[in-house]
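In case you want the letters, here they are:
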Amino acid sequence: MKTKKIISIILAAIMFMSIVTVSIFTAGAQDVLPATGQCGDNIFWTFDSETGTLTLSGTGATWDYDSYYHGASPFDGKSDVKTITVNDGITALGSEIFKNCSGVTNISLPATLSIIERYAFSSCEKLNNVVIPDSVEEIESGVFSGCKLLTDIVLSKNLKFLGGYVFNETALYNNCEDNAVYVCNCLVDIKDKSITSIEVKDGTELIAEGTFWYCYDLAQVTLPDTLKYLHYHTFWSTALINNCTDDIFYVGNYLVQVLNKNIKNVDIKDGTILIAQDAFQGNMNIDTVNTPDSLKYICLGAFGVAKIKTLNISRSVEPLYGLQDSRSYLYYIDVSYNLQPQKQQ
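Residues numbered from 1 in each chain as written. Predicted model: local features only at pLDDT ≥ 70, side-chain atom pairs only at ≥ 80, totals over all residues. Heavy atoms only, no water.

Caption draft 1: Spotlight on the nonpolar core. Counting 97 residues, the largest nonpolar core has F121, F144 and F167 as the members making the most contacts within it. Those residues within four positions of F144 in sequence are excluded, and the remaining contacts are F121, L127, V130, I132, L150, I153, V166, F167, N168 and T170. (Core = buried A, V, L, I, M, F, W, Y, C linked by side-chain atoms within 4.5 Å. Buried < 20%, exposed > 50% of the residue type's maximum accessible area, 1.4 Å probe, protein only. Contact = heavy atoms within 4.5 Å.)

Caption draft 2: Up close: the sheet that holds strand β16 (residues 206-207). Read across the sheet, 3 strands follow the order β13-β14-β16 without closing on themselves; strand pairing throughout is mixed. Sheet topology places β13 (180-183) and β16 at the edges, where each strand pairs with a single neighbour. Where β13 and strand β14 (residues 186-190) come together, 4 bridges link them in antiparallel fashion. From the neighbouring strand, A180 faces β14, where its bridge partner is I190. (Pairing = 2+ DSSP bridges. Helix = DSSP H or I, 4+ residues; strand = E, 2+ residues; numbered from the N terminus.)

Caption draft 3: Inspection of the confidence of the model for the protein at higher detail. Chain-level pLDDT for the protein is 85 on average; 82% of the residues reach the 70-or-more range. Every residue in residues 18-30 scores below 50 in pLDDT, and together they form 1 contact with partners more than four places removed in sequence or on other chains. In this model, residues 320-345 is a region of pLDDT below 50 whose contacts with residues beyond four sequence positions or in other chains number 64 contacts. (pLDDT = per-residue confidence, 0-100.)

Caption draft 4: Main features of the pairing of strand β19 (residues 254-258). Buried residues dominate β19, accounting for 5 of its 5 residues. Pairing of strand β18 (residues 248-251) with β19 involves 4 bridges; the strand directions are antiparallel. Within β19, the residue paired with Y250 across the bridge is L255. With antiparallel pairing between neighbouring strands as the criterion, β18 and β19 make up a hairpin whose turn holds 2 residues, including G252 at a positive phi of roughly 60°.

Caption draft 5: The arrangement of the pairing of strand β2 (residues 43-48) in detail. Residues I43, W45 and F47 point to one face of β2 and are all buried, whereas F44, T46 and D48, pointing to the other face, are not buried. Sheet topology note: the strand β1 (residues 36-40)/β2 ladder contains 4 bridges and is antiparallel. The partner of T36 across the bridge, within β2, is T46. Hairpin connection of β1 to β2: 2 residues between the antiparallel strands. Following β2, the chain reverses through 4 residues before pairing antiparallel with strand β3 (residues 53-58); G52 in that reversal takes a positive phi of roughly 75°.

Caption draft 6: Quick peek at the environment of D287. Locating D287 in the fold gives a position in strand β22 (residues 285-290). Since its relative accessible area comes to 28%, D287 is described here as partly exposed. The spacing of D287 and I308 is 21 residues in sequence and 5.7 Å in space, taken between C-alpha atoms. Not counting the four nearest positions on each side in its chain, D287 is found in contact with K264, N265, K309 and T310.

Caption draft 7: Inspection of the side chain of T211 at higher detail. By the secondary structure assignment, T211 is in the loop between β16 and β17 (220-222). In this structure T211 comes out as buried when scored by relative accessible area, which is 0%. Reaching out from T211, the side chain makes a polar contact with the backbone oxygen of A208 at a distance of 2.9 Å. Aside from chain neighbours lying at most four places away, what touches T211 is L187, V188, D189, I190 and K193. (Polar contact = N/O pair within 3.5 Å; in protein donor to acceptor, adjacent residues only side chain to side chain.)

Caption draft 8: Quick peek at the sheet that holds β18. One open sheet holds the 4 strands; their spatial order is β18-β19-β21-β23, and the pairing between them is mixed. Every other strand in the sheet has two partners, leaving β18 and β23 (297-298) as the edge strands with one partner each. Bridge analysis of β19 against strand β21 (residues 274-275) gives 2 bridges, and the strand direction is parallel. Paired with Y254 across the strands is L274, a residue of β21.

Caption draft 9: Representation of the pattern of salt bridges in the model. For the structure shown, the criterion picks out 4 salt bridges. Between E96 and K99 there is a salt bridge whose closest N-O contact spans 3.7 Å. When salt bridges that share partners are traced, they join E96, K99 and R118 into one network. (Salt bridge = Lys/Arg side-chain N within 4 Å of Asp/Glu carboxyl O.)

Next comes the structure, spelled out in structure tokens:
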């Protein structure tokens, strides 16, 4: 009887060890990136395990990934990926596509790339330098967040939107002695959120979307005339906008947001240089918008989904995107209405 019991215990132990071994082997196999695969409708990858080089080829945009709706990227957590090469023809990198590629040290991006979606390269902990090609116009939230060694980055000269926390938890913060964190000609964040005033340095052309978020006491901001791109949400939660009682929220010579959602006629004040991205968000029925001769820049999506019967645009605006440009500030205007550029005197 004792012998049978001992044999049963031994067999049970062998079976348990077999299950554990199979589980470990299966988990390990899942961590190995296949040699080929697909990550977009027209985009495929190859992986050279000897060199650690991951190459994406094809046209158009890659798929978006996340932990909830789309599922994790096939590259998520693959530490054996050392180099990422994105070939010409690819126009957009989807959200979280290279997230947690902790072994990556080199990235090569093509001249066809225009958008990098949220958290695309987040937590690539060994990445220390990146060159963003001038074709890129939008970098969404958190793209390089958690890239702890990132110290050297060249941004696109044609950047039109920079999301919040793009460089959060990178060495760029550690190397910045000032409260304001600048990358190239962009203001990307404020380290001490308790500030009450700030003068953005001359030469700054873009302010990232989340720069002043949670700066609750910020009541005074001086912006340089060099600014070309601004998002209406930049001053969210600040005293500057919370204390504004006007129909339109301006910061210096910049129209940031139309606060009165029932406004019918908008005469943008003289001296205004720029209309921020999504400034007219939520204003559905406007009769007339008149712009001054001083206006130079209208950011992408400035008029949101507004229906504007007459839009008088000064010819001083640079650049004046066409109605058919799906990424232009005119795209969402109901084109059955009349667009009347002002005649040059």
